[in-house]
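Residue-level structure breakdown
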Amino acid sequence: MRIGLAADHGGFTLKNDLVVQLRAAGHEVIDLGAHTLVVGDDYPDYTVALARLVVSGAVERGIAVCGSGVGVTVCANKIPGVRACLIHDHFSARQGVEDDHMNIMCLGQRTEGVGVAWDLVQAFIAAQYSQEARHLRRLHKVAALERLTSGS
């Protein structure tokens, strides 16, 4: 799978660890930075680039990391077409993709260790988008809301 990753200083180390693990598992990784640890950097600078790649289809899924995961989640969801979720558990990592077509998983370096984060990433990338009518019906309602609120 082609996967994009992005992180600010708060998620820098975890993002780098995940890049190594994903590549070792045979995935193509697009690392959008941060590429050097700069304590004063800002998560929107990396998250928006990731969100745009996901929406364009240049990557199949995205992973965004900051200190808590909250900032990157809020930021990513401002880009129309993004369905980003802050994930702390295996069930939500899988179910978020299957039922809700989550396309960016957000993690917090200060809240998840590398082992837990890797388990969540594996569940996220293994999950497939559901085509069940009830899920698609809900997604169409969310898309309509997005069009209404974004002026599209």
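Below or above, wherever it landed, is the structure these notes cover. (Residues numbered from 1 in each chain as written. Predicted model: local features only at pLDDT ≥ 70, side-chain atom pairs only at ≥ 80, totals over all residues. Heavy atoms only, no water.)

1. Here's the deal with unusual backbone geometry
Omega for the bond connecting glycine 33 with alanine 34 falls within 30 degrees of zero, at 5 degrees, which places this linkage in the cis form. With respect to the helices and strands, alanine 34 occurs in the loop between β2 (28-31) and α2 (43-56). For histidine 101, which is not glycine, the phi torsion reads 55 degrees and is therefore positive. Mapped onto the secondary structure, histidine 101 falls in the loop between α4 (90-100) and β5 (104-108). (Helix = DSSP H or I, 4+ residues; strand = E, 2+ residues; numbered from the N terminus.)

2. Side note on the pairing of strand β1 (residues 2-7)
With respect to burial, β1 is a largely interior element, five of its six residues being buried. Bridge count between β1 and β2: four bridges; the pairing is parallel. Each bridged residue has a counterpart across the sheet, and for leucine 5 the counterpart in β2 is aspartate 31. Assessed by its sense of winding, the connection that carries the chain from β1 through helix α1 (residues 12-24) to β2 is right-handed. (Buried < 20%, exposed > 50% of the residue type's maximum accessible area, 1.4 Å probe, protein only. Pairing = 2+ DSSP bridges. Right-handed = clockwise from strand over helix to strand, strands pointing away.)

3. Some details on the environment of leucine 120
Summarising the element assignment, leucine 120 is placed in helix α5 (residues 114-126). Separated by 53 residues in the primary sequence, leucine 120 and glycine 67 have C-alpha atoms spaced 17 Å apart. Look past the residues within four positions of leucine 120 in its chain and what remains in contact with it is Ile87, His88, Asp89, His90, Ala93, Met105, Leu107 and Glu112. (Contact = heavy atoms within 4.5 Å.)

4. A closer look at the sheet that holds β1
Sheet architecture is open: five strands sit in the order β2-β1-β3-β5-β4, paired in parallel fashion. Pairing within the sheet leaves two strands with one partner each, and these edge strands are β2 and β4 (84-86). Strand after strand, the sheet turns through a mean of 25 degrees between neighbouring axes, direction not considered. Along the sheet, α2 contacts β1, β2, β3 (61-66) and β5; its crossing angle with β1, the most-contacted strand, is approximately 165 degrees. (Axes fitted to C-alpha atoms, helices over the stretch in contact; angles between N-to-C directions.)

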